[in-house]
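# An overview of the molecular structure
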Amino acid sequence: MIEVRNITKRYGHLTAIDRVTFRVDKGEVLAFLGPNGAGKTTTMRILTSFIPATEGTAHVAGFDCAEQPEEVKKRIGYLPETPPVYQELTVAEYLSFVGKLRGFSGAELRTAMERVMERLALGSVQRRLIANLSRGYRQRVGLAQALIHDPPVLILDEPTVGLDPKQIIEIRELIKSLAGSHSVILSTHILPEATAVCQRVVIINGGRIVAEDTPDQLSARLRRSEKISVTLKAPPADMMERFHEVPGVEHVLTTSDPRTVLIECALGKDIREDVARFAVGQHWGLLEMKPVSMTLEDVFLRLTQREDELPNSNETTMGERH
């Protein structure tokens, strides 16, 4: 549905994005993840035919974003970071206006409006001025305008910025419900968003793609050791030193809970049985033991280090799909 190949955007001597390549398959939700200023919004603007790339090509639903902008715009729904709503209109008036811009009229327009208002739970506020709605509802109205023509592709730029926790959960659930029927790019710098909503993650830093894969695969490829979390009922004062007696234990790390430690061993080794046997034999009261996965936050921090600290290229370009 979306195919981006080696797009570069320069503003004079400034290179905003550099040889960016990725794709989004039909029905897939992709997180476009990076720190502020990484190049996310520039890429979104190229995909929506708002600005052209300096080099490279971008296609949406088979149409070239630079050469066929009108065809591209017919097939995308776009929600920028600030929803493009007219606050002096009611919800129904605004959606009617957007629907007419999309070429709907009469019964077709009414059907499209009813469909998006039902999907986004806007029926109860359809006669209210947008200016009087909460930010969460205004975000729903923004999503409704992006969906009113039922496009195959949705491009959402930071869709939950500024929302409260309840509103964030609601918007995330709405986005998840779009998977399968729409291809979605979700631009974000919020790590839990990518984990909660998306099947695959593209991480961009300094205008370049540094990784592309599922969150689990990114974690598996970048972790350098195995970690086990161990919680004891009655840990001794020398617990950390004592755990080093277990064969295979390389490091013992403290946590915020004085009863819990992280035990680290070589990648690919499983020493849980030995650790459990040792703790039980010492009568420390083993309450819990579980493996600890590398989080997406760990992956993100490792991949967005300064260029001279990045892992080698075999680690940072995994999972690229050309």
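What counts, and at which threshold
Residues numbered from 1 in each chain as written. Predicted model: local features only at pLDDT ≥ 70, side-chain atom pairs only at ≥ 80, totals over all residues. Heavy atoms only, no water. Salt bridge = Lys/Arg side-chain N within 4 Å of Asp/Glu carboxyl O. Helix = DSSP H or I, 4+ residues; strand = E, 2+ residues; numbered from the N terminus. Axes fitted to C-alpha atoms, helices over the stretch in contact; angles between N-to-C directions. Parallel < 35°, antiparallel > 145°, perpendicular 65-115°, else oblique. Left-handed = near helix turned anticlockwise from the far one by under 90°. Contact = heavy atoms within 4.5 Å. Nonpolar A, V, L, I, M, F, W, Y, C, P; charged D, E, K, R; others polar. Phe/Tyr/Trp six-rings, centres within 6.5 Å; stacked < 30°, edge-to-face > 60°. Buried < 20%, exposed > 50% of the residue type's maximum accessible area, 1.4 Å probe, protein only. Pairing = 2+ DSSP bridges. Core = buried A, V, L, I, M, F, W, Y, C linked by side-chain atoms within 4.5 Å.

## Observations regarding the pattern of salt bridges
The full count for this structure, using the stated rule, is 20 salt bridges. In this structure, Arg 208 engages Asp 18 in a salt bridge whose closest nitrogen and oxygen atoms are separated by 3.1 Å. Separated by 190 residues along the polypeptide, Arg 208 in strand E10 (residues 208-213) and Asp 18 in strand E2 (residues 14-24) bring together distant segments of the chain. Ionic pairing is found between Glu 173 and Lys 176, a salt bridge with its closest N-O pair at 3.7 Å. In this pair, Glu 173 and Lys 176 both sit in helix H6 (residues 165-178), three residues apart, roughly one turn of the helix. Taken together, the shared-partner salt bridges in this structure form one network comprising Glu 3, Arg 5, Arg 23 and Asp 25.

## As for the packing of helix H5 (residues 135-147) against H6
One way to put it is that H5 packs onto H6 with a least axis distance of 10 Å and a crossing angle of 15 degrees. Judged on the interaxial angle alone, H6 and H5 are roughly parallel. Our pair here, H5 against H6, has a crossing hand that is right-handed. Between H5 and H6, the contacting residues are Arg 135, Gly 136, Gln 139, Arg 140, Leu 143 and Leu 147 on the first element and Gln 167, Glu 170, Ile 171, Leu 174 and Leu 178 on the second. Looking at the contact of H5 with H6 residue by residue, the classes come out as five nonpolar, three polar and three charged.

## Some remarks on the packing of aromatic side chains
With the rule as written, the count across this model stands at six aromatic pairs. Ring centres of Phe 22 and Phe 32 lie 5.2 Å apart, and the angle between their planes is 40 degrees; this geometry places the pair in the tilted category. Here Phe 32 lies in strand E3 (residues 29-33) and Phe 22 lies in strand E2, a separation of 10 residues in the sequence. For Phe 22, a relative accessible area of 0% gives the class buried. An angle of 50 degrees between the planes, with centres 6.1 Å apart, marks the rings of Phe 243 and Phe 278 as tilted.

## Overview of the sheet that holds strand E13 (residues 260-266)
Strands sit in the order E12-E13-E11-E14 across an open sheet of four strands; the sheet is antiparallel. Of all the strands in the sheet, the pair left with one neighbour each is strand E12 (251-254) and strand E14 (286-292). Ignoring which end each strand starts from, the neighbouring axes of this sheet average 25 degrees apart. The pairing of E12 with E13 spans four bridges and is classified as antiparallel. Within E13, the residue paired with Val 252 across the bridge is Ile 263. Sitting on the sheet, helix H10 (residues 272-281) touches strand E11 (225-232), E13 and E14, and the angle it makes with E14 is about 160 degrees.

## Let's talk about helix H3 (residues 91-101)
Considered for burial, the residues of H3 that qualify are Val 91, Ala 92, Tyr 94, Leu 95, Ser 96, Val 98 and Gly 99. On the buried face of H3, the contacting elements are helix H4 (106-119) and H5. At the C-terminal side of H3, Gly 103 shows a positive phi close to 95 degrees.

## A look at unusual backbone geometry
Of all residues except glycine, most have a negative phi; of all peptide bonds, most are trans. Although it is not a glycine, Arg 19 adopts a positive phi angle of roughly 55 degrees. Locating Arg 19 in the fold gives a position in strand E2. The exposure class assigned to Arg 19 is exposed, which follows from its relative accessible area of 52%. Located in the positive-phi region is Ala 61, a residue other than glycine, with phi close to 55 degrees. Positionally, Ala 61 belongs in the loop between strand E4 (55-60) and strand E5 (63-64). Overall, the relative accessible area of 26% leaves Ala 61 in the partly exposed class.

## A few points about the nonpolar core
In this structure, Val 91, Leu 95, Leu 122, Val 141, Leu 156, Ile 175 and Ile 203 are the most contacted members of the largest nonpolar core, which totals 50 residues. Each residue touching Leu 122, except ones within four places of it in the same chain, is listed here: Val 91, Met 117, Tyr 137, Arg 140, Val 141 and Ala 144. In terms of nonpolar packing, the next biggest core, distinct from the first, is built from 26 residues, Phe 32, Phe 63, Val 72 and Ile 155 among them.

## Focus on the packing of H3 against H4
The interhelical angle for the contact between H3 and H4, taken along N-to-C directions, is 125 degrees, at an axis separation of 10 Å. On the basis of the axis angle, H3 is oblique to H4. Helix-helix and strand crossings are classified by hand; for H3 and H4 the assignment is right-handed. Taking contact as the criterion, the partners of Ala 92, Leu 95, Ser 96, Gly 99 and Lys 100 in H3 are, on H4, Leu 109, Met 113, Val 116 and Met 117. The residue inventory of the contact of H3 with H4, partitioned by class, reads six nonpolar, two polar and one charged.

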